[in-house]
Amino acid sequence: MESAIKFAFSNSKYIILAITIFTSMFIGLLILSEYIFLEPYVVSHIPSGTELGFVLIVIISALSALVLPMNIFRIIMLQKSKQKMGGSILGSIIGAAAGACSCGPIGFAVISTFGSVGATATAFLTNYEIPIRIVAIGILTFTYFTTLKSLKIECKLNS
Amino acid sequence: MNKKVLILGVIVIAIIAGLAASFSVSTSEIVNLDMGRTHGTISTAMGSPILGDPSAPITIVEFGDYQCHQCFNWFHNTKPELTRDYIETGKVNLVFVDLAFLGSDSPKAAQASYCAEDQEMYWDYHDLLYTSQESTIDGGWADSERLKAFAFSLGLDMELFESCLDSGKYSKRVQYNIQQAREHGVRGTPGFFIVGPDGQQQQLGGAQPFSVFKQILDPIV
């Protein structure tokens, strides 16, 4: 398992890609979920009662940063199918969307633009924010293990 | 002589009682009757009663939704410190204006708060809604029956409250407040305007921590 990860990240480009994905997802989700504010001052805080949401953001960002570069590596270096890439992108998008709506500017824009349909979608994403993020983590974890397995087979690595 | 002392004593007691009564009125909730009330460029005429000293030099106008969980976070994490350090000390007062947009129960909850205001219990009802908020939007925690149950738990006159809520008496008031929010570019809840003594105002978006309010308020208090 370790050798498959080492093999995928042997090229520094993929390490940089992983760091970029983690940083942008992590900071983006923290801003959307109001753990970080940029105006009028740059501040971060974790309000009491929101600790679980914060931990789930860390996990989703970390898994996305791990799984996406591994799949890109498979596609570019090994010329393999893009099927598993879909799982990692889906997991990342679901994880991000769960916190994006709510009472913040995105939720407000969605409701203002799409009316009752937007309100229903926003309510769903808000009401089930934690379960949706857990599902996203499940998808990313599943994709991670299947990708590892594929890399071991495709590259004929010994665990 | 004794009669004169007795009369004088009665007058003194009456004056003291009068002063005590007027003091108790000034510290209780004051229903907003000023239809031209503004803070900065915002018309708060249809908003909540003022929380705190009405003559405080700074006003915080909060735009919020009773179903918004970030408003819940702000209410529980930032507002207590703000109340202790600025509102109770007379430096700042606060007005709540509804931006009830999240679900069909949001405008109804806002209307219910004004029905409670009719009985001078606006802030008690407001606080109870944010204390009782559940995580689901339109999940039933703020439907008409629960709103009435909240009123009952506060000991409000239920006949008055129910007729007010069922008739939609404050429907237009809530719509007016939502319009105020839109006109001032509020794009989510909670949203704040801090209006200083000379009318200058600063907009804040989101459930910002107490440290941010402190940094803005301290230089202008």
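None of the values given here were measured: they were computed from a predicted structure.

Peer 1: Help me get a handle on the nonpolar core, residues and values and all.
Peer 2: One finds V61(B), V92(B), C115(B), A116(B) and Y125(B) to be the most contacted residues of the largest nonpolar core, which totals 62 residues. Residues within four places of V92(B) in sequence aside, it is in contact with G52(B), A56(B), I58(B), I60(B), Y86(B), I87(B) and L217(B). Within the second largest apolar cluster, 29 residues are counted, among which are A18(A), L56(A), L66(A) and M70(A).

Peer 1: Describe the interface of chain A and chain B, naming the residues involved and giving the relevant values.
Peer 2: Listed as interface residues are 20 residues of chain A and, on the opposing side, 26 residues of chain B. Broken down by element, the residue count for the side of chain A that touches chain B peaks at 8 residues, all from helix α5 (residues 105–127) of chain A.

Peer 1: An account of the sheet that holds strand β3 (residues 58–64) of chain B is needed here, citing residue identities and associated values.
Peer 2: Residue and element names in this part refer to chain B. Spatially, the 4 strands line up as an open sheet ordered β4-β3-β5-β6, and their pairing is mixed. In this open sheet, the two edge strands, each paired with only one partner strand, are β4 (92–98) and β6 (201–205). Averaged over all pairs of adjacent strands, the angle between their axes in this sheet comes to 20 degrees, without regard to strand direction. Bridge analysis of β3 against β4 gives 7 bridges, and the strand direction is parallel. In the strand pairing of β4, F63 is matched with V97. The sheet contacts of helix α8 (residues 171–183) involve β3, β4 and β5 (191–195), and relative to β4 the element is tilted by about 110 degrees.

Peer 1: How would you sum up helix α9 (residues 210–220) of chain B? Please name residues and give values.
Peer 2: All names here are of chain B. Buried residues of α9: F213, I216 and L217, and no others. The buried side chains of α9 occupy one side of the element, clustering within an arc of 90 degrees when seen end-on. Along α9, the residues that are exposed and aim more than 90 degrees away from the buried face are Q215, D218 and P219.

Peer 1: Give me the lowdown on the packing of helix α4 (residues 105–117) of chain B against helix α6 (residues 144–153) of chain B, citing residues and values where you can.
Peer 2: Relative placement of two packed helices is described by the angle separating their axes and the distance separating the axes. Residue and element names in this part refer to chain B. At a minimum axis distance of 10 Å, the contact between α4 and α6 shows a crossing angle of 25 degrees. The orientation of α4 relative to α6 falls into the category roughly parallel. You can see that α4 and α6 cross each other, and the crossing is right-handed. Residues K108, A109, A112 and A116 of α4 pack against S144, L147 and A151 of α6.

Peer 1: Describe the pairing of β5(B), and please don't skip the residues or the numbers.
Peer 2: Residues and elements named next belong to chain B. Buried residues dominate β5, accounting for 5 of its 5 residues. Here β5 shows two buried faces, one formed by G191, F193 and V195 and the other by F192 and I194. Two elements, β3 and β5, share 5 bridges in a ladder whose sense is antiparallel. By the bridge assignment, V61 is partnered in β5 with F193. Strand direction decides the pairing type here: β5 and β6, joined by 5 bridges, are antiparallel. Its bridge partner being in β6, F192 is matched across the sheet by L204.

Peer 1: Mind laying out helix α2 (residues 12–32) of chain A, listing which residues take part and the relevant values?
Peer 2: Residue and element names in this part refer to chain A. Taking 1.5 Å as the rise per residue, α2 with 21 residues should run 30 Å; its terminal C-alpha atoms sit 30 Å apart, in good agreement. Among the residues of α2, A18, I21, M25, L29, L30 and L32 are the ones counted as buried. Down the axis, α2 shows its buried residues gathered within 160 degrees of arc, on one side only. Exposed side of α2, more than 90 degrees from the buried face: S12, K13, I16, I19 and T23 are the residues found there. Directly after α2, the chain includes E34, whose backbone phi takes a positive value near 60 degrees.

Conventions adopted
Residues numbered from 1 in each chain as written. Chains lettered and ligands numbered in written order. Predicted model: local features only at pLDDT ≥ 70, side-chain atom pairs only at ≥ 80, totals over all residues. Core = buried A, V, L, I, M, F, W, Y, C linked by C-beta atoms within 7 Å. Buried ≥ 20, exposed ≤ 12 C-beta atoms within 10 Å, placed from the backbone. Contact = placed C-beta atoms within 7 Å. Helix = DSSP H or I, 4+ residues; strand = E, 2+ residues; numbered from the N terminus. Pairing = 2+ DSSP bridges. Axes fitted to C-alpha atoms, helices over the stretch in contact; angles between N-to-C directions. Arc of directions from axis to C-beta. Parallel < 35°, antiparallel > 145°, perpendicular 65-115°, else oblique. Left-handed = near helix turned anticlockwise from the far one by under 90°. Expected span 1.5 Å × (residues − 1).

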